[in-house]
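The chain contents come next:
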Amino acid sequence: MSTTLPAAGIGTFAFRPLDPLADAELIHPWVTHPKAAFWLMQDAKLQDVEREYMAIAAAEHHDAFLGLHDGEPAFLMERYDPSKVELVGLYDAQPGDVGMHFLVAPSDTPVHGFTRAVLTAVMRELFADPATARVVVEPDVRNTAVHALNAAVGFAPEREIAKPEKNALLSFCTRAQFEAATA
């Protein structure tokens, strides 16, 4: 993944594989920031972040990417196979399902519309793979801000599910739903 995607008025977005050792120091303050509470790494030490992303890098069905905004690191994106990790046994996975997590780096100078532009770029990147039929997300039920963002790009909530670490809102977005929402 290294696609460059323009976002009207925001700049360009690109993706590269996250390097757990080289990038851990960069992303540690992102994942432990108070605004990242739903990332569930608030008390993580640098070594914990390295370990977590080394495990993802070694996993067959889970990938992590560093998102770049105009060439600068600005967000994280994880892609996973929900039939193999995260959601095994919690819903009936369909061929072409791809799970996703994203996290925007904290900023002292927020840009209006930036997070939505990031999510739109993430979805475009996932749907760039013709094998992706729909994107699956499972944000914390209390994360109302991300529910609104998800709805804005076409996600439809299905139901609440109980995961070991949280109660989550299982939601889906097909390619057609995404295209209709972002047209």
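This text follows the structure it describes.
Below is a summary of the structure that appears in this document. (Residues numbered from 1 in each chain as written. Predicted model: local features only at pLDDT ≥ 70, side-chain atom pairs only at ≥ 80, totals over all residues. Heavy atoms only, no water.)

**So, the side chain of His147**
Relative to the helices and strands, His147 resides in helix α4 (residues 144-152). Here Asp140 takes part through its backbone oxygen, which lies 3.1 Å from a polar atom of the side chain of His147. Once you skip the residues sitting within four places of it in the chain, His147 turns out to touch Pro139, Asp140, Val141, Arg142 and Leu169. (Helix = DSSP H or I, 4+ residues; strand = E, 2+ residues; numbered from the N terminus. Polar contact = N/O pair within 3.5 Å; in protein donor to acceptor, adjacent residues only side chain to side chain. Contact = heavy atoms within 4.5 Å.)

**Some remarks on the environment of Asp92**
The topology assignment puts Asp92 in the loop between β4 (72-80) and β5 (97-104). For the pair formed by Asp92 and Pro82, sequence separation is 10 residues and the distance between their alpha carbons is 9.6 Å.

**Describing the side chain of Asn150**
For Asn150, the position within the fold is in helix α4. Apart from residues no more than four positions distant in its own chain, Asn150 is found in contact with Leu119, Val137, Pro139 and Phe155.

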